[in-house]
Amino acid sequence: MPNLPISVIAIDGPTASGKGTVAHKVADRLGFHYLDSGALYRLTALMAQRRATALNDEHALAKLAEHLPASFVGGEILLANENVTQAIRAEEVGNLASRIAVLPSVRQALFGLQLGFRKAPGLVADGRDMGTVIFPHAQLKVFLTASVEARAQRRYKQLIDKGFSANMEDLLADLQARDERDTQRAIAPLVPAEGAFLLDTSNMTAEQAIDEVLRLYAQSK
Ligand code: DC
């Protein structure tokens, strides 16, 4: 049997754009693997937080990223043997992840790990630089976004549903600060990849966004 190319669908976008839900469901529908690259930055951040690693100690942070004892089992995320699926979703961890993500050696340390997720029959990769840096030859690239207000509403609901406390004003300010950091950083900033389809989901349900990505994928074949 000839070797079939392994398809990659790269879905990038700002925080709380809904890309996690969309990417995950698209992977489910196609029977593809799923890479939540943000989780890798969040896991590194969680370890740094617990070890009180200084934010300016790039070398130590890169070492944490390089030796991340992470595993993805079903929908759960483990750090060593501890289930940290919920813990890495805390806003504090997300903010720290965004700060750590500006460091070139941390990004470099996570590079090979991310490439390793590309396995048959295919991969849906979700993040900020999937289409620009990690999988520039992806078969389909989508830049998924939504207005900052729509994203703050979604994040608020997500946090409350998960039992975290949340405040709309703080969330809006946090999202704006993270957008600024993620789009303005020197290395692998959040920008639409060349050839990416722009999908604004402000007025779309998750189901509609999933269907649209599946339609674009079918069209790309
Ligand atoms: O998608 P997320 O909110 O879980 O990501 C957390 C942070 O990790 C995000 O603010 C920036 C960083 N990140 C990144 O720099 N590159 C990626 N491919 C994914 C996430």
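Structure report, in brief.

**Side note on the overall build of the protein chain**
- Of the regular secondary structure elements, the protein chain holds 9 helices and 8 strands.
- Considering the protein chain as a whole, with its 221 residues, one finds that 45% of them fall into the buried category.
- Within the protein chain, residue pairs in contact and separated by at least 24 positions form 77% of the contacts whose partners lie at least 6 positions apart.
- Working note: accessible area of the protein chain is about 11,000 Å², and carbon and sulfur atoms make up 53% of it.
- Looking at the protein chain, you have 24 positive and 25 negative side-chain charges, and the mean spots of the two groups are 4 Å apart.

**Observations concerning the packing of helix 1 (residues 19–30) against helix 9 (residues 206–220)**
- Direction vectors running N to C along helix 1 and helix 9 enclose 55°, while the axes themselves pass 9 Å from each other. Relative to helix 9, the element helix 1 is oriented oblique. Once helix 1 is placed against helix 9, the crossing between them reads as right-handed. Taken together, the residues of helix 9 that come into contact with helix 1 (itself represented by Thr-21, Val-22, Lys-25, Val-26, Arg-29 and Leu-30) are Ala-206, Glu-207, Ala-209, Ile-210, Asp-211, Val-213, Leu-214 and Tyr-217.
- A class-by-class count of the residues in the contact of helix 1 with helix 9 yields 9 nonpolar, 1 polar and 4 charged.

**Thoughts on the packing of aromatic side chains**
- This model, assessed by the stated rule, comprises 2 aromatic pairs.
- Taking the centre distance of 5.9 Å and the plane angle of 80° together, the rings of Phe-32 and Tyr-217 count as edge-to-face. Here Phe-32, found in the loop between helix 1 and strand 2 (33–36), pairs with Tyr-217, found in helix 9; they are 185 residues apart in sequence, far enough to count as distant.
- A relative accessible area of 14% means that Phe-32 is categorised as buried.
- Taken together, a centroid distance of 5.7 Å and an interplanar angle of 85° make the contact between Phe-72 and Phe-117 edge-to-face.

Conventions and cut-offs
- Residues numbered from 1 in each chain as written.
- Predicted model: local features only at pLDDT ≥ 70, side-chain atom pairs only at ≥ 80, totals over all residues.
- Heavy atoms only, no water.
- Helix = DSSP H or I, 4+ residues; strand = E, 2+ residues; numbered from the N terminus.
- Buried < 20%, exposed > 50% of the residue type's maximum accessible area, 1.4 Å probe, protein only.
- Contact = heavy atoms within 4.5 Å.
- Areas by Shrake-Rupley, 256 points an atom, 1.4 Å probe, with all protein chains shown as cover.
- Lys, Arg positive; Asp, Glu negative; His and termini not counted.
- Charge placed at Lys NZ, Arg CZ, Asp CG, Glu CD.
- Axes fitted to C-alpha atoms, helices over the stretch in contact; angles between N-to-C directions.
- Parallel < 35°, antiparallel > 145°, perpendicular 65-115°, else oblique.
- Left-handed = near helix turned anticlockwise from the far one by under 90°.
- Nonpolar A, V, L, I, M, F, W, Y, C, P; charged D, E, K, R; others polar.
- Phe/Tyr/Trp six-rings, centres within 6.5 Å; stacked < 30°, edge-to-face > 60°.

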